[in-house]
Amino acid sequence: MPAVILLLSKLTKGSGNLATAERIRQHLEPRFTCMVLDVEKVPDSTALGVILAQNNVDVVIGIHAYHTGRVLKDCLVPSIIVFGGTDVNEQQYRDVERLAVMTTAVKKARYLVCFSKSVLQQAQDLWLSQIHAMVEIFQAVYVNPSQFSVKSHLIDKYQVCGPGSSLTLVTLVAGIRPVKDPIYLLRNFSEWHKNGHERTYLIIIGPILNEHYGKTFQETVNSSVGVVYIPGLPQEDLHAAIKDSVALVNSSISEGMSAAVLEGMALGVPVIARDIPGNSVIITNEVSGLLFDSPTEFIGQLERLLTVPWLKEELVEKAKLIVSERHTCDKEREAYTRLVSKVLEG
């Protein structure tokens, strides 16, 4: 009988954790029996223990050290924790209670997976005693754009002035919550849009994941000329929308490794990203993308991309090379299969 692997994660639609859980499941299913469980439906570690016993689970993979750590901290089944990024950033570990929960779960885990060197460094700073359990596995990316036309969608549903062929789109993909900071660039972009760039729009795509922040976000979007919010798209249509853009933007305060950034790179779309460790570990400024430290610098980078003829080609060429070398599904599949096998071997 194949071993039973439980993937435990928040399964919020459109979230990076959901995408990671599904990708790992697909990697492991050829060799193992896999279950995916929404951690928000597990009230405590006792309830998790019942689920593990009923299903004869051999290994648990928890995605996000805090979200899953609260039920994994007393788990008797061998576990692997995949750091999501926001679990090891400043907002999480300055909360003493959350840090205590994560620390207990981290010390019980057989392995701790980090998407990047920046996450690995943060994890080492927090839990140096567990450095022997830490392993770096680059996040994979898979893109499959549909025939969806985001420009036609904007004209038909959002009354953006046509014709669509003359529209220039800059796209930001994120679940709407404070850590993604989608409001950060809106005032500067809107002013730039009104001053001679009326055919260029900033499109923000993603579900609202924090209702309180979402209200502020929607009010800001409604008052920002040149900015359009699309609550969400099917994955293939999202990829088509990114592909039809002149740039993919990331304005996050913190990232583990942004799936949207990797998708932009894989689709041949230049990335303009906030200069934070989770982005700069993927993007080298002016080599594989453009980085910015402020809304003003973002506008400057966007203008360079739109006016320097050779820049897009050079950035895209290097970005695609990085994706093909580090972020393939085959490499990720091999890494997780090897890790689970080592846990099962004891």
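Every value quoted in this text rests on a predicted model; they were computed, and no experiment measured them.

Caption draft 1: Spotlight on the overall build of the protein chain. Per the secondary structure count, the protein chain includes 15 helices and 12 strands. Its C-alpha atoms give the protein chain a radius of gyration of 21 Å, within 12% of the compact-globule value 20 Å for 346 residues. By principal-axis analysis of the C-alpha atoms, the protein chain measures approximately 65 × 40 × 35 Å. Within the span of the protein chain, comprising 346 residues, buried residues form 53% of the whole. Across the protein chain, every contact between residues at least 6 apart in sequence was considered, and the portion connecting residues at least 24 apart equals 69%. Each charge class in the protein chain was averaged separately, 33 positive and 37 negative side chains, and the resulting centres sit 3 Å apart.

Caption draft 2: Expanded view of the nonpolar core. Within the largest apolar cluster, 54 residues are counted, with the highest numbers of intra-cluster contacts made by Ile 5, Leu 28, Ile 61, Ile 80 and Met 265. The biggest single contributor to this core is helix α15 (residues 329-345), with five residues. Contacts of Ile 61, omitting those with residues within four sequence positions, involve Ile 5, Leu 6, Leu 7, Leu 8, Ile 24, Leu 28, Ile 80, Val 82 and Val 340. Val 60, Val 106, Leu 112 and Ala 123 belong to the second largest nonpolar core, which has 32 residues in total.

Caption draft 3: Examining the pairing of strand β11 (residues 271-274) more closely. Because side chains alternate across β11, one face comprises the buried residues Val 271 and Ala 273, and the other comprises Ile 272 and Arg 274, equally buried. In terms of strand pairing, strand β10 (residues 247-250) meets β11 through three bridges, oriented parallel. Paired with Val 249 across the strands is Ile 272, a residue of β11. For the crossover that starts at β10, traverses helix α11 (residues 259-266) and ends in the parallel β11, the hand is right-handed. Where β11 meets strand β12 (residues 290-292), three bridges bridge the pair, whose relative direction is parallel. By the bridge assignment, Arg 274 is partnered in β12 with Phe 292.

Caption draft 4: Local environment of the packing of α11 against helix α14 (residues 311-326). In contact at an axis separation of 8 Å, α11 and α14 are set at 115° when each is read in the N-to-C sense. Taken together, α11 and α14 sit at an angle that is classed as roughly perpendicular. The chirality of how α11 crosses α14 is left-handed. Here Leu 262, Met 265 and Ala 266 of α11 lie close against α14, whose contacting residues are Ala 319, Lys 320, Ile 322 and Val 323. Grouping the constituent residues of the contact of α11 with α14 by class yields six nonpolar, no polar and one charged.

Caption draft 5: Structural context of the sheet that holds β10. The strand order β9-β8-β7-β10-β11-β12 describes an open sheet built from six strands, whose pairing is parallel. The open sheet has two free edges, formed respectively by β9 (227-230) and β12, since each of these has just one partner strand. Ignoring which end each strand starts from, the neighbouring axes of this sheet average 25° apart. One ladder, built from four bridges, connects strand β8 (residues 200-205) with β9; its direction is parallel. Each residue of the ladder has a partner; that of Leu 202, found in β9, is Val 227. Where helix α8 (residues 186-194) meets the sheet, its contacts fall on β8 and β9, and the angle it forms with β8 comes to roughly 150°.

Caption draft 6: Just the sheet that holds strand β2 (residues 33-38), in detail. Spatial ordering of the open sheet is given by β2-β1-β3-β4-β5-β6, a layout of six strands whose pairing is parallel. At either margin of the open sheet sits one strand with a lone partner, and together these are β2 and β6 (134-136). In this sheet, neighbouring strand axes are inclined to one another by 20° on average, regardless of whether the strands run parallel or antiparallel. Pairing between strand β1 (residues 4-9) and β2: six bridges, direction parallel. Paired with Leu 6 across the strands is Met 35, a residue of β2. In the packing of helix α1 (residues 16-28) onto the sheet, the strands contacted are β1, β2, β3 (59-63) and β4 (79-82), and the crossing angle to β1 comes to about 170°.

Rules used in this analysis
Residues numbered from 1 in each chain as written. Predicted model: local features only at pLDDT ≥ 70, side-chain atom pairs only at ≥ 80, totals over all residues. Heavy atoms only, no water. Helix = DSSP H or I, 4+ residues; strand = E, 2+ residues; numbered from the N terminus. Rg over C-alpha atoms; globule rule 2.2 N^0.38 Å. Buried < 20%, exposed > 50% of the residue type's maximum accessible area, 1.4 Å probe, protein only. Contact = heavy atoms within 4.5 Å. Lys, Arg positive; Asp, Glu negative; His and termini not counted. Charge placed at Lys NZ, Arg CZ, Asp CG, Glu CD. Core = buried A, V, L, I, M, F, W, Y, C linked by side-chain atoms within 4.5 Å. Pairing = 2+ DSSP bridges. Right-handed = clockwise from strand over helix to strand, strands pointing away. Axes fitted to C-alpha atoms, helices over the stretch in contact; angles between N-to-C directions. Parallel < 35°, antiparallel > 145°, perpendicular 65-115°, else oblique. Left-handed = near helix turned anticlockwise from the far one by under 90°. Nonpolar A, V, L, I, M, F, W, Y, C, P; charged D, E, K, R; others polar.

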